[in-house]
Amino acid sequence: MTFETFKAAIAPIPLWAVFGLLGAFLSSTQMLIQDRLKAPAFPLAFWNKVTCVAVMTPFVFATGLPTNPLFYVLLATQALLWVISDVVFFKGIKEVGAGIVSRVLPMAPLISFFLWFALDPHLIKTYAAMPWRSAGIVGVFCLTAFFAWNLRSCAITKKALKIVWFTLFASVVGTVFTKSITLQADVETGVFGYVFAEALIMIAMWLVFYAVKRPLPAAEMFGLRAIRAGGAVGLVSAFTVAAVLFAYYHVDNPAYVPAVRYLDTVIIFFAYRAMGRPNEGRLWASFGIVACAAALVFLKAHS
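Predicted, not measured: the structure shown is a model, and the values here were computed from it.

A. Inspection of the overall build of the protein at higher detail. Tallying secondary structure elements over the protein gives 15 helices and 0 strands in all. Taken across its 303 residues, the protein has 54% of its residues classed as buried. Taking the intrachain contacts of the protein between residues at least 6 apart in sequence as the baseline, contacts between residues at least 24 apart amount to 89%. Total accessible area on the protein is roughly 13500 Å²; 72% of this is exposed by carbon and sulfur atoms.

B. How the structure looks around the pattern of salt bridges. Overall, the coordinates contain 3 salt bridges when judged by the stated rule. Note that Arg277 is salt-bridged to Asp35, the shortest N-O span being 2.9 Å. On the criterion of sequence distance, the pair formed by Arg277 in the loop between α14 (264–275) and α15 (283–301) and Asp35 in helix α2 (residues 15–37) is long-range, its members being 242 residues apart. Among the ionic pairs, Glu198 bridges to Lys49, the shortest N-O distance being 3.3 Å. In this pair, Glu198 is assigned in helix α10 (residues 187–213) and Lys49 in helix α3 (residues 41–63), connecting sequence segments 149 residues apart. For the pair Glu198 and Lys49, a shared accessibility class is recorded, and that class is buried. Bridged by salt links that share partners, the residues Asp35, Lys38 and Arg277 form one connected network.

C. Structural view of unusual backbone geometry. Phi angles above zero are rare outside glycine, and Lys38 is one such case at about 50°. By secondary structure assignment, the location of Lys38 is in the loop between α2 and α3. The partly exposed category is assigned to Lys38, whose relative accessible area is 33%. The backbone of Arg214 sits at a positive phi, close to 45°, despite the residue not being glycine. For Arg214, a relative accessible area of 54% corresponds to the exposed category.

D. Just the packing of aromatic side chains, in detail. Throughout the structure, instances matching the rule amount to 15 aromatic pairs. Ring geometry for Phe46 and Phe222: centres 6.1 Å apart, planes at 85°, overall edge-to-face. Of this pair, Phe46 sits in helix α3 while Phe222 sits in the loop between α11 (218–221) and α12 (224–248), placing them 176 residues apart in sequence. Its relative accessible area of 4% is what places Phe46 among the buried residues.

E. Inspection of the confidence of the model for the protein at higher detail. Averaged over every residue, the pLDDT of the protein is 86; the share at 70 or more is 89%. Ranking the elements of the protein by mean pLDDT puts helix α1 (residues 3–10) last with 56 and α3 first with 97.

F. Broad picture of the packing of α3 against helix α4 (residues 69–96). At a closest axis distance of 8 Å, the pairing of α3 and α4 adopts a crossing angle of 120°. When the axes of α3 and α4 are compared, the pair comes out oblique. Remark: the crossing between α3 and α4 carries right-handed chirality. Residues Ala41, Phe42, Leu44, Ala45, Asn48 and Lys49 of α3 form the contact with α4, whose own contacting residues are Asp86, Val87, Phe90 and Lys91. Taken together, the residues that form the contact of α3 with α4 break down as 6 nonpolar, 1 polar and 3 charged.

G. Seen up close, α14. Spanning 12 residues, α14 covers 16 Å between terminal C-alpha atoms, matching the ideal 16 Å at 1.5 Å per step. All of the buried residues along α14 are Asp264, Thr265, Ile268, Phe269, Ala271 and Tyr272. Seen end-on, α14 carries its buried residues on one side only, within an arc spanning 165°. Facing away from the buried surface of α14 by more than 90 degrees, the exposed residues are Phe270, Arg273 and Ala274. Positive phi appears at Gly276, one or two residues downstream of α14, with a value of about 75°.

H. Region of the structure containing the nonpolar core. In terms of nonpolar packing, the biggest core is built from 100 residues, with Val101, Phe113, Ile137, Tyr194, Trp206 and Tyr256 touching the most fellow members. Phe113 has contacts with Tyr127, Ile137, Phe141, Asn253, Ala255 and Tyr256, leaving out every residue within four places of it along the chain.

Conventions used here
Residues numbered from 1 in each chain as written. Predicted model: local features only at pLDDT ≥ 70, side-chain atom pairs only at ≥ 80, totals over all residues. Heavy atoms only, no water. Helix = DSSP H or I, 4+ residues; strand = E, 2+ residues; numbered from the N terminus. Buried < 20%, exposed > 50% of the residue type's maximum accessible area, 1.4 Å probe, protein only. Contact = heavy atoms within 4.5 Å. Areas by Shrake-Rupley, 256 points an atom, 1.4 Å probe, with all protein chains shown as cover. Salt bridge = Lys/Arg side-chain N within 4 Å of Asp/Glu carboxyl O. Phe/Tyr/Trp six-rings, centres within 6.5 Å; stacked < 30°, edge-to-face > 60°. pLDDT = per-residue confidence, 0-100. Axes fitted to C-alpha atoms, helices over the stretch in contact; angles between N-to-C directions. Parallel < 35°, antiparallel > 145°, perpendicular 65-115°, else oblique. Left-handed = near helix turned anticlockwise from the far one by under 90°. Nonpolar A, V, L, I, M, F, W, Y, C, P; charged D, E, K, R; others polar. Expected span 1.5 Å × (residues − 1). Arc of directions from axis to C-beta. Core = buried A, V, L, I, M, F, W, Y, C linked by side-chain atoms within 4.5 Å.

If you want it as structure tokens, here you go:
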């Protein structure tokens, strides 16, 4: 099947929504793997990216790497966020579970949506040309803010926010960064080149940090348990990032992509149900955010 045939087969669903949803399934899988393994966060994050490099190497050989230096400058700058965020993210899953963490992160697209207009003010004219549709989209984001606000009084959500607040911040800023990076390379080289180069940069940063700080023993950092856990997560993570990045290439405002990707909340909810595990936290507010993401896809797809 050619790419054009694939596009015709999924019409009228937009590509960004399809790949965003694929990212949600893959994201929930990697979160559930860590939820089960409860591996130490730092070595897991490190070997996750080592695995991403290994997985992406054949694709990079096939497509080549981007040649624009700005692509790598922005990627290295963004990596400063992810080297902290990834460790915090895996630590949060280990301590409070995948379910709670997945229901906290959907707050990020609300801020990213409006932040992108500051960087691309011409997009405001496009939305102004469709006032009713645009009003609906803004209304959905306001509802997202309402549901997110109602999560503040949930004790277990507060605990999760205290742990993963930096990941939430990185999701806001990183969304804008990622879209900016996609503008510096075509989709053919940009998707796999991003996953590959980002992972290499983060590995280098973590190795420098480890050499200076030695936050844990070498046996724990480079032991077989860490390699196995990072490999299991990384096999999924490599394609999660690639799918999400492909979605970024096909949408005007990058906030739509995480809004769909965070539907992993629903997948994890039903996975917990299937495993007989309790879904803790204020579920109605959490799923209100998820419903807003679904409404967003509908409104955007019909704009």
